[in-house]
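# Examining the three-dimensional arrangement
Spelled out from the first residue to the last, the chains are:
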Amino acid sequence: MATSLSKLLTRSKAHSHRCSTSHSLQRQFWSRHFSAVADSSFSTSAALGSQTIPPAPTQVSDNKRGSKWTQLLLFLPGAITFGLGSWQIVRREEKIKTLEYQQQRLKMEPMKLNAEHPPDKNLDALEFRRVSCKGVFDEQKSIYLGPRSRSISGVTENGYYVITPLLPIPGDLDSMQSPILVNRGWVPRSWRDKSQESSESDSVTNESTIAKPLSIEQSSWWKFWSKTPVITKEQVSTVKPVEVVGVIRGGENPSIFVPANDPSTGQWFYVDVPAMARAIGLPEDTIYVEDVHEDIDRSRPYPVPKDINTLIRSKVMPQDHLNYCITWYSLSAAVTFMAYKRLKPKSARR
(Lines give C-alpha, C1' and ligand atoms only; values in the text may rest on other atoms or scores of the structure.)
Protein backbone atom coordinates (compact mmCIF):
# COMPACT_ATOMS: atom_id res chain seq x y z
CA MET A 1 0.00 0.00 0.00
CA ALA A 2 2.75 2.41 0.88
CA THR A 3 4.56 1.40 -2.17
CA SER A 4 1.59 2.23 -4.46
CA LEU A 5 1.12 5.65 -2.85
CA SER A 6 4.74 6.57 -3.41
CA LYS A 7 4.42 5.57 -7.06
CA LEU A 8 1.35 7.74 -7.50
CA LEU A 9 3.09 10.75 -5.98
CA THR A 10 6.11 10.24 -8.18
CA ARG A 11 3.91 10.11 -11.32
CA SER A 12 2.00 13.28 -10.36
CA LYS A 13 5.21 15.21 -9.81
CA ALA A 14 6.57 14.08 -13.14
CA HIS A 15 3.29 15.08 -14.88
CA SER A 16 3.30 18.52 -13.24
CA HIS A 17 6.94 19.03 -14.23
CA ARG A 18 6.12 18.16 -17.82
CA CYS A 19 3.15 20.57 -17.84
CA SER A 20 5.18 23.44 -16.43
CA THR A 21 7.91 22.75 -18.96
CA SER A 22 5.40 22.78 -21.85
CA HIS A 23 3.81 26.06 -20.63
CA SER A 24 7.22 27.77 -20.43
CA LEU A 25 8.05 26.58 -23.94
CA GLN A 26 4.73 27.96 -25.21
CA ARG A 27 5.39 31.35 -23.56
CA GLN A 28 8.86 31.58 -25.09
CA PHE A 29 7.46 30.71 -28.55
CA TRP A 30 4.71 33.40 -28.50
CA SER A 31 7.05 36.05 -27.07
CA ARG A 32 9.53 35.41 -29.88
CA HIS A 33 6.71 35.49 -32.47
CA PHE A 34 5.25 38.82 -31.27
CA SER A 35 8.71 40.44 -31.07
CA ALA A 36 9.42 39.44 -34.67
CA VAL A 37 6.07 40.82 -35.83
CA ALA A 38 6.66 44.08 -33.96
CA ASP A 39 10.12 44.48 -35.46
CA SER A 40 8.82 43.86 -38.93
CA SER A 41 5.96 46.36 -38.51
CA PHE A 42 8.31 49.02 -37.09
CA SER A 43 10.74 48.59 -39.98
CA THR A 44 7.86 48.80 -42.46
CA SER A 45 6.52 52.01 -40.88
CA ALA A 46 10.00 53.54 -40.81
CA ALA A 47 10.51 52.73 -44.45
CA LEU A 48 7.16 54.25 -45.33
CA GLY A 49 7.88 57.34 -43.25
CA SER A 50 11.20 57.93 -44.98
CA GLN A 51 9.39 58.15 -48.32
CA THR A 52 7.56 61.56 -48.85
CA ILE A 53 4.15 61.40 -50.42
CA PRO A 54 4.17 63.50 -53.59
CA PRO A 55 1.40 66.20 -53.71
CA ALA A 56 -1.27 66.22 -56.33
CA PRO A 57 -0.26 67.74 -59.71
CA THR A 58 -3.05 70.37 -59.64
CA GLN A 59 -1.93 71.65 -56.23
CA VAL A 60 1.66 72.08 -57.41
CA SER A 61 0.58 74.00 -60.50
CA ASP A 62 -1.69 76.29 -58.43
CA ASN A 63 1.15 77.08 -56.04
CA LYS A 64 3.49 77.93 -58.88
CA ARG A 65 0.87 80.12 -60.54
CA GLY A 66 0.17 81.94 -57.26
CA SER A 67 3.84 82.58 -56.62
CA LYS A 68 4.24 84.08 -60.10
CA TRP A 69 1.34 86.49 -59.55
CA THR A 70 2.79 87.46 -56.18
CA GLN A 71 6.13 88.22 -57.78
CA LEU A 72 4.45 90.36 -60.43
CA LEU A 73 2.53 92.31 -57.77
CA LEU A 74 5.79 93.25 -56.11
CA PHE A 75 6.80 95.14 -59.28
CA LEU A 76 3.42 96.87 -59.67
CA PRO A 77 4.27 99.97 -57.54
CA GLY A 78 7.41 100.51 -59.60
CA ALA A 79 5.42 100.36 -62.83
CA ILE A 80 2.80 102.82 -61.53
CA THR A 81 5.36 105.38 -60.34
CA PHE A 82 7.25 105.04 -63.62
CA GLY A 83 4.03 105.82 -65.50
CA LEU A 84 3.41 108.90 -63.34
CA GLY A 85 6.91 110.15 -64.07
CA SER A 86 6.38 109.71 -67.81
CA TRP A 87 3.05 111.55 -67.55
CA GLN A 88 4.82 114.51 -65.93
CA ILE A 89 7.17 114.67 -68.95
CA VAL A 90 4.15 114.89 -71.28
CA ARG A 91 2.57 117.59 -69.08
CA ARG A 92 5.81 119.56 -69.09
CA GLU A 93 5.94 119.58 -72.90
CA GLU A 94 2.32 120.69 -73.08
CA LYS A 95 2.93 123.49 -70.57
CA ILE A 96 5.96 124.74 -72.51
CA LYS A 97 3.93 124.90 -75.72
CA THR A 98 1.09 126.72 -73.95
CA LEU A 99 3.41 129.35 -72.44
CA GLU A 100 5.15 129.89 -75.77
CA TYR A 101 1.77 130.40 -77.45
CA GLN A 102 0.74 132.93 -74.79
CA GLN A 103 4.02 134.83 -75.14
CA GLN A 104 3.60 135.06 -78.88
CA ARG A 105 0.06 136.41 -78.47
CA LEU A 106 1.16 139.02 -75.94
CA LYS A 107 3.92 140.28 -78.26
CA MET A 108 1.41 141.14 -80.98
CA GLU A 109 0.26 144.72 -81.48
CA PRO A 110 -2.94 145.66 -79.61
CA MET A 111 -6.09 145.21 -81.65
CA LYS A 112 -8.57 148.08 -81.47
CA LEU A 113 -12.11 147.17 -80.57
CA ASN A 114 -14.22 149.73 -82.46
CA ALA A 115 -16.72 149.94 -85.27
CA GLU A 116 -14.17 148.79 -87.85
CA HIS A 117 -12.96 145.84 -85.72
CA PRO A 118 -15.88 144.46 -83.73
CA PRO A 119 -14.91 141.83 -81.16
CA ASP A 120 -15.22 138.18 -82.01
CA LYS A 121 -17.36 136.27 -79.51
CA ASN A 122 -15.14 133.20 -79.83
CA LEU A 123 -13.04 133.46 -76.68
CA ASP A 124 -10.69 130.69 -77.81
CA ALA A 125 -9.58 132.93 -80.68
CA LEU A 126 -9.38 136.07 -78.52
CA GLU A 127 -7.84 134.86 -75.25
CA PHE A 128 -4.40 136.31 -74.49
CA ARG A 129 -4.86 138.82 -77.32
CA ARG A 130 -3.95 142.39 -76.47
CA VAL A 131 -6.70 144.89 -77.28
CA SER A 132 -7.25 148.65 -77.08
CA CYS A 133 -10.69 149.77 -75.90
CA LYS A 134 -12.12 153.29 -75.64
CA GLY A 135 -15.13 154.03 -73.50
CA VAL A 136 -16.39 155.28 -70.15
CA PHE A 137 -16.18 153.47 -66.82
CA ASP A 138 -19.38 152.90 -64.87
CA GLU A 139 -17.76 152.95 -61.43
CA GLN A 140 -21.04 152.63 -59.58
CA LYS A 141 -21.32 149.05 -60.84
CA SER A 142 -17.79 148.01 -59.89
CA ILE A 143 -17.22 144.50 -58.57
CA TYR A 144 -14.54 143.83 -55.95
CA LEU A 145 -12.83 140.48 -56.31
CA GLY A 146 -10.98 139.15 -53.33
CA PRO A 147 -9.44 139.44 -50.93
CA ARG A 148 -6.12 139.51 -52.79
CA SER A 149 -2.77 140.23 -51.15
CA ARG A 150 0.01 142.34 -52.63
CA SER A 151 3.60 142.50 -51.42
CA ILE A 152 5.35 145.87 -51.57
CA SER A 153 8.98 146.05 -50.34
CA GLY A 154 8.47 142.93 -48.26
CA VAL A 155 5.24 144.25 -46.68
CA THR A 156 2.06 142.33 -47.50
CA GLU A 157 -1.18 144.28 -47.74
CA ASN A 158 -4.64 142.87 -48.33
CA GLY A 159 -6.91 144.34 -50.95
CA TYR A 160 -9.11 143.57 -53.93
CA TYR A 161 -9.18 143.54 -57.70
CA VAL A 162 -11.72 146.06 -58.97
CA ILE A 163 -13.69 145.00 -62.06
CA THR A 164 -15.65 147.79 -63.73
CA PRO A 165 -17.85 147.77 -66.85
CA LEU A 166 -16.53 149.90 -69.71
CA LEU A 167 -19.42 151.38 -71.70
CA PRO A 168 -19.30 152.59 -75.32
CA ILE A 169 -19.62 156.26 -76.31
CA PRO A 170 -22.39 156.91 -78.84
CA GLY A 171 -21.34 158.69 -82.00
CA ASP A 172 -17.63 157.91 -81.50
CA LEU A 173 -16.31 155.56 -84.18
CA ASP A 174 -13.18 154.85 -82.13
CA SER A 175 -15.28 153.72 -79.20
CA MET A 176 -16.41 150.19 -78.59
CA GLN A 177 -19.75 149.07 -79.89
CA SER A 178 -20.64 146.89 -76.90
CA PRO A 179 -19.77 147.04 -73.17
CA ILE A 180 -16.99 144.93 -71.68
CA LEU A 181 -15.72 144.06 -68.20
CA VAL A 182 -12.30 145.46 -67.27
CA ASN A 183 -10.14 144.27 -64.39
CA ARG A 184 -8.54 147.63 -63.60
CA GLY A 185 -6.09 146.21 -61.05
CA TRP A 186 -5.44 145.99 -57.33
CA VAL A 187 -6.78 148.43 -54.74
CA PRO A 188 -6.33 148.44 -50.94
CA ARG A 189 -9.18 147.64 -48.59
CA SER A 190 -9.53 151.30 -47.56
CA TRP A 191 -10.06 152.30 -51.20
CA ARG A 192 -12.96 149.90 -51.45
CA ASP A 193 -14.53 151.18 -48.24
CA LYS A 194 -14.36 154.79 -49.48
CA SER A 195 -15.90 153.78 -52.79
CA GLN A 196 -18.81 152.11 -51.04
CA GLU A 197 -19.38 155.19 -48.87
CA SER A 198 -19.42 157.48 -51.90
CA SER A 199 -21.85 155.20 -53.74
CA GLU A 200 -24.17 155.21 -50.72
CA SER A 201 -24.08 159.04 -50.56
CA ASP A 202 -24.83 159.21 -54.29
CA SER A 203 -27.85 156.94 -53.83
CA VAL A 204 -29.14 159.17 -51.02
CA THR A 205 -28.76 162.24 -53.25
CA ASN A 206 -30.63 160.56 -56.08
CA GLU A 207 -33.47 159.59 -53.74
CA SER A 208 -33.81 163.23 -52.51
CA THR A 209 -34.19 164.53 -56.05
CA ILE A 210 -36.41 161.78 -57.38
CA ALA A 211 -39.55 163.88 -56.93
CA LYS A 212 -38.28 166.41 -59.45
CA PRO A 213 -39.91 165.81 -62.87
CA LEU A 214 -37.24 164.70 -65.31
CA SER A 215 -37.18 163.13 -68.71
CA ILE A 216 -36.23 159.47 -69.17
CA GLU A 217 -32.73 160.33 -70.37
CA GLN A 218 -32.13 162.86 -67.56
CA SER A 219 -33.51 160.79 -64.67
CA SER A 220 -30.44 158.51 -64.49
CA TRP A 221 -26.85 159.05 -65.50
CA TRP A 222 -26.76 155.55 -66.96
CA LYS A 223 -29.47 153.32 -68.33
CA PHE A 224 -29.06 150.75 -65.60
CA TRP A 225 -31.94 148.58 -66.66
CA SER A 226 -30.85 148.22 -70.26
CA LYS A 227 -29.18 144.98 -71.32
CA THR A 228 -26.55 147.00 -73.20
CA PRO A 229 -26.19 150.27 -71.24
CA VAL A 230 -24.74 153.26 -73.09
CA ILE A 231 -23.97 156.85 -72.30
CA THR A 232 -26.13 159.57 -73.81
CA LYS A 233 -24.78 162.32 -76.07
CA GLU A 234 -25.57 165.03 -73.51
CA GLN A 235 -23.26 163.37 -70.99
CA VAL A 236 -20.20 163.09 -73.25
CA SER A 237 -18.93 166.54 -72.28
CA THR A 238 -19.23 165.79 -68.55
CA VAL A 239 -17.59 162.35 -68.60
CA LYS A 240 -13.92 161.72 -69.31
CA PRO A 241 -13.41 158.89 -71.83
CA VAL A 242 -10.60 156.45 -71.15
CA GLU A 243 -8.60 154.12 -73.35
CA VAL A 244 -7.79 150.74 -71.86
CA VAL A 245 -4.97 148.53 -73.14
CA GLY A 246 -5.45 145.06 -71.80
CA VAL A 247 -5.48 141.33 -72.45
CA ILE A 248 -8.61 139.30 -73.10
CA ARG A 249 -8.93 136.52 -70.55
CA GLY A 250 -11.39 133.82 -69.61
CA GLY A 251 -12.80 132.88 -66.24
CA GLU A 252 -10.97 131.17 -63.39
CA ASN A 253 -11.24 127.55 -62.28
CA PRO A 254 -11.38 127.72 -58.48
CA SER A 255 -10.04 124.98 -56.27
CA ILE A 256 -12.14 123.12 -53.73
CA PHE A 257 -10.87 125.44 -50.98
CA VAL A 258 -12.23 128.64 -52.62
CA PRO A 259 -15.71 129.65 -51.38
CA ALA A 260 -18.56 130.04 -53.81
CA ASN A 261 -19.44 133.47 -55.16
CA ASP A 262 -22.48 135.22 -53.66
CA PRO A 263 -23.79 137.84 -56.12
CA SER A 264 -26.67 138.80 -53.80
CA THR A 265 -24.23 140.16 -51.18
CA GLY A 266 -21.55 141.28 -53.64
CA GLN A 267 -18.96 138.76 -52.49
CA TRP A 268 -16.79 137.51 -55.35
CA PHE A 269 -13.90 135.15 -54.69
CA TYR A 270 -13.01 134.11 -58.25
CA VAL A 271 -13.67 135.34 -61.79
CA ASP A 272 -16.93 134.02 -63.23
CA VAL A 273 -17.53 136.18 -66.29
CA PRO A 274 -21.12 135.11 -67.12
CA ALA A 275 -22.25 135.50 -63.50
CA MET A 276 -20.53 138.88 -63.10
CA ALA A 277 -22.01 140.18 -66.34
CA ARG A 278 -25.46 138.97 -65.34
CA ALA A 279 -25.15 140.63 -61.91
CA ILE A 280 -24.64 144.11 -63.43
CA GLY A 281 -27.12 143.74 -66.29
CA LEU A 282 -24.81 142.81 -69.16
CA PRO A 283 -25.04 139.86 -71.57
CA GLU A 284 -23.41 136.64 -70.40
CA ASP A 285 -21.06 136.58 -73.41
CA THR A 286 -19.46 139.89 -72.38
CA ILE A 287 -15.71 140.07 -72.98
CA TYR A 288 -13.45 140.20 -69.93
CA VAL A 289 -10.22 142.23 -70.21
CA GLU A 290 -7.37 142.62 -67.69
CA ASP A 291 -5.72 146.03 -67.78
CA VAL A 292 -1.93 145.82 -68.27
CA HIS A 293 -0.97 149.38 -69.21
CA GLU A 294 2.21 150.71 -67.61
CA ASP A 295 1.44 154.45 -67.72
CA ILE A 296 0.40 155.01 -64.11
CA ASP A 297 -0.83 158.41 -62.98
CA ARG A 298 1.17 159.34 -59.88
CA SER A 299 -1.67 161.50 -58.61
CA ARG A 300 -3.98 158.45 -58.73
CA PRO A 301 -1.85 155.42 -57.77
CA TYR A 302 -4.86 153.10 -57.57
CA PRO A 303 -5.93 150.80 -59.12
CA VAL A 304 -2.56 149.14 -59.84
CA PRO A 305 -2.76 147.24 -63.16
CA LYS A 306 -1.47 143.71 -63.41
CA ASP A 307 2.06 143.03 -64.56
CA ILE A 308 1.96 141.48 -68.02
CA ASN A 309 4.59 138.93 -66.97
CA THR A 310 2.24 137.51 -64.34
CA LEU A 311 -0.28 136.63 -67.05
CA ILE A 312 1.99 133.95 -68.50
CA ARG A 313 2.63 132.30 -65.17
CA SER A 314 0.86 129.12 -64.17
CA LYS A 315 0.28 127.43 -60.86
CA VAL A 316 2.51 124.59 -62.06
CA MET A 317 5.41 125.72 -64.22
CA PRO A 318 7.57 123.45 -66.44
CA GLN A 319 10.30 123.32 -63.78
CA ASP A 320 7.74 122.01 -61.30
CA HIS A 321 6.76 119.24 -63.71
CA LEU A 322 10.45 118.33 -64.05
CA ASN A 323 10.81 118.12 -60.27
CA TYR A 324 7.74 115.88 -60.06
CA CYS A 325 9.15 113.69 -62.82
CA ILE A 326 12.45 113.20 -60.96
CA THR A 327 10.56 112.36 -57.78
CA TRP A 328 8.37 109.70 -59.43
CA TYR A 329 11.29 108.12 -61.27
CA SER A 330 13.30 107.95 -58.04
CA LEU A 331 10.42 106.22 -56.26
CA SER A 332 10.05 103.81 -59.17
CA ALA A 333 13.74 102.86 -59.02
CA ALA A 334 13.62 102.43 -55.23
CA VAL A 335 10.56 100.15 -55.08
CA THR A 336 11.75 98.11 -58.07
CA PHE A 337 15.12 97.52 -56.39
CA MET A 338 13.36 96.48 -53.18
CA ALA A 339 11.21 93.98 -55.11
CA TYR A 340 14.31 92.56 -56.81
CA LYS A 341 16.09 92.12 -53.48
CA ARG A 342 13.01 90.44 -52.04
CA LEU A 343 12.85 87.86 -54.85
CA LYS A 344 16.59 87.25 -55.06
CA PRO A 345 17.54 83.76 -53.70
CA LYS A 346 19.26 83.63 -50.32
CA SER A 347 22.26 81.73 -51.67
CA ALA A 348 22.81 84.41 -54.30
CA ARG A 349 22.60 87.11 -51.61
CA ARG A 350 25.45 85.52 -49.68
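Calculation criteria
- Residues numbered from 1 in each chain as written.
- Predicted model: local features only at pLDDT ≥ 70, side-chain atom pairs only at ≥ 80, totals over all residues.
- Heavy atoms only, no water.
- Helix = DSSP H or I, 4+ residues; strand = E, 2+ residues; numbered from the N terminus.
- Buried < 20%, exposed > 50% of the residue type's maximum accessible area, 1.4 Å probe, protein only.
- Contact = heavy atoms within 4.5 Å.
- Areas by Shrake-Rupley, 256 points an atom, 1.4 Å probe, with all protein chains shown as cover.
- Salt bridge = Lys/Arg side-chain N within 4 Å of Asp/Glu carboxyl O.
- Phe/Tyr/Trp six-rings, centres within 6.5 Å; stacked < 30°, edge-to-face > 60°.
- Lys NZ or Arg CZ within 6 Å of the ring centre and 35° of its normal.
- Pairing = 2+ DSSP bridges.
- pLDDT = per-residue confidence, 0-100.
- 1 Å grid on protein atoms, 1.4 Å probe; cavity = no way out; pocket = protein on both sides within 12 Å on 5 of 7 lines; lining within 4 Å.
- Points joined across faces, edges and corners; volume = space filled by probe spheres on them.
- Expected span 1.5 Å × (residues − 1).

## What about the overall build of the protein chain?
Each helix and strand in the protein chain was counted, giving eight helices and seven strands. Within the protein chain, buried positions represent 26% of all 350 residues. Considering only intrachain contacts with a sequence separation of at least 6, the fraction spanning at least 24 residues in the protein chain is 66%. Surface accessibility of the protein chain: about 24,200 Å² in total, with carbon and sulfur atoms responsible for 58%.

## Some points on the pattern of salt bridges
Applying the stated criterion across every chain yields a total of eight salt bridges. In this structure, Asp172 engages Lys134 in a salt bridge whose closest nitrogen and oxygen atoms are separated by 3.2 Å. Of this pair, Asp172 sits in the loop between strand E4 (155-167) and strand E5 (180-188) while Lys134 is found in strand E2 (residues 130-137), placing the two residues 38 residues apart along the sequence. Assessed through its relative accessible area of 26%, Lys134 is described here as partly exposed. Between Glu139 and Arg184 there is a salt bridge whose closest N-O contact spans 3.6 Å. In this pair, Glu139 is assigned in the loop between E2 and strand E3 (143-152) and Arg184 in strand E5, connecting sequence segments 45 residues apart. Of the residues examined, Glu139 reaches a relative accessible area of 42% and is grouped as partly exposed.

## Side note on the packing of aromatic side chains
Under the defined criterion, the tally for this structure stands at three aromatic pairs. Between Phe82 and Tyr329, the ring centres sit 5.2 Å apart and the planes meet at 40 degrees, which makes this aromatic pair tilted. Linking Phe82 in helix H3 (residues 76-107) with Tyr329 in helix H7 (residues 318-343), this pair joins segments that are 247 residues apart in sequence. We note Arg184 situated over the ring of Phe137; from NZ or CZ to the ring centre the distance is 4.5 Å.

## Focus: the pairing of E2
Counting buried positions over the eight residues of E2 gives seven, a clear majority of the element. Here strand E1 (residues 111-112) pairs with E2 via two bridges, running parallel. Across the sheet, Lys112 pairs through a bridge with Ser132, a residue of E2. As paired elements, E2 and strand E6 (residues 242-249) share six bridges and run antiparallel to each other. Paired with Cys133 across the bridge in E6 is Val244. By the bridge criterion, two bridges tie E2 to E4 in an arrangement that is antiparallel. Within E4, the position partnered with Phe137 by the bridge is Leu166.

## Some remarks on the side chain of Arg184
Relative accessible area serves as the criterion here: at 8%, Arg184 is assigned to the buried category. Once residues lying within four places of it in the same chain are set aside, the contact partners of Arg184 are Phe137, Glu139, Ser142, Val162, Thr164, Asp291, Pro303, Val304 and Pro305.

## Re the environment of Thr156
By the secondary structure assignment, Thr156 is in strand E4. What Thr156 contacts, discounting residues up to four positions off in sequence, is Ser149, Arg150 and Ser151.

## Digging into the confidence of the model for the protein chain
Averaged over every residue, the pLDDT of the protein chain is 75; the share at 70 or more is 63%. Per-element confidence in the protein chain is highest for helix H6 (residues 273-279), whose mean pLDDT is 94, and lowest for helix H1 (residues 2-50), whose mean pLDDT is 50. Across residues 44-50, where pLDDT falls below 50, the model places zero contacts with residues more than four positions away in sequence or in other chains.

## Focus on unusual backbone geometry
Note that the residue after Gly146, namely Pro147, is joined by a cis bond; omega there is 10 degrees. Checked against the element boundaries, Pro147 lands in strand E3. Positive phi outside glycine occurs at Phe128, with the angle close to 65 degrees. The topology assignment puts Phe128 in the loop between helix H4 (123-126) and E2.

## Structural notes on the pairing of E3
With eight bridges joining them, E3 and E4 adopt antiparallel strand pairing. Within E4, the residue paired with Arg148 across the bridge is Gly159.

## Some words on empty space enclosed by the protein
What the rule picks out here adds up to one cavity of 30 Å³ or more. Every residue along the wall of the largest cavity is listed here: Glu139, Ser142, Tyr144, Val162, Arg184, Trp191 and Ser195.

## Observations concerning H7
Its 26 residues place the ends of H7 38 Å apart at the C-alpha level, agreeing with the 38 Å of an ideal helix rising 1.5 Å per residue. Buried within H7 we find Pro318, His321, Cys325, Ser332 and Ala339.

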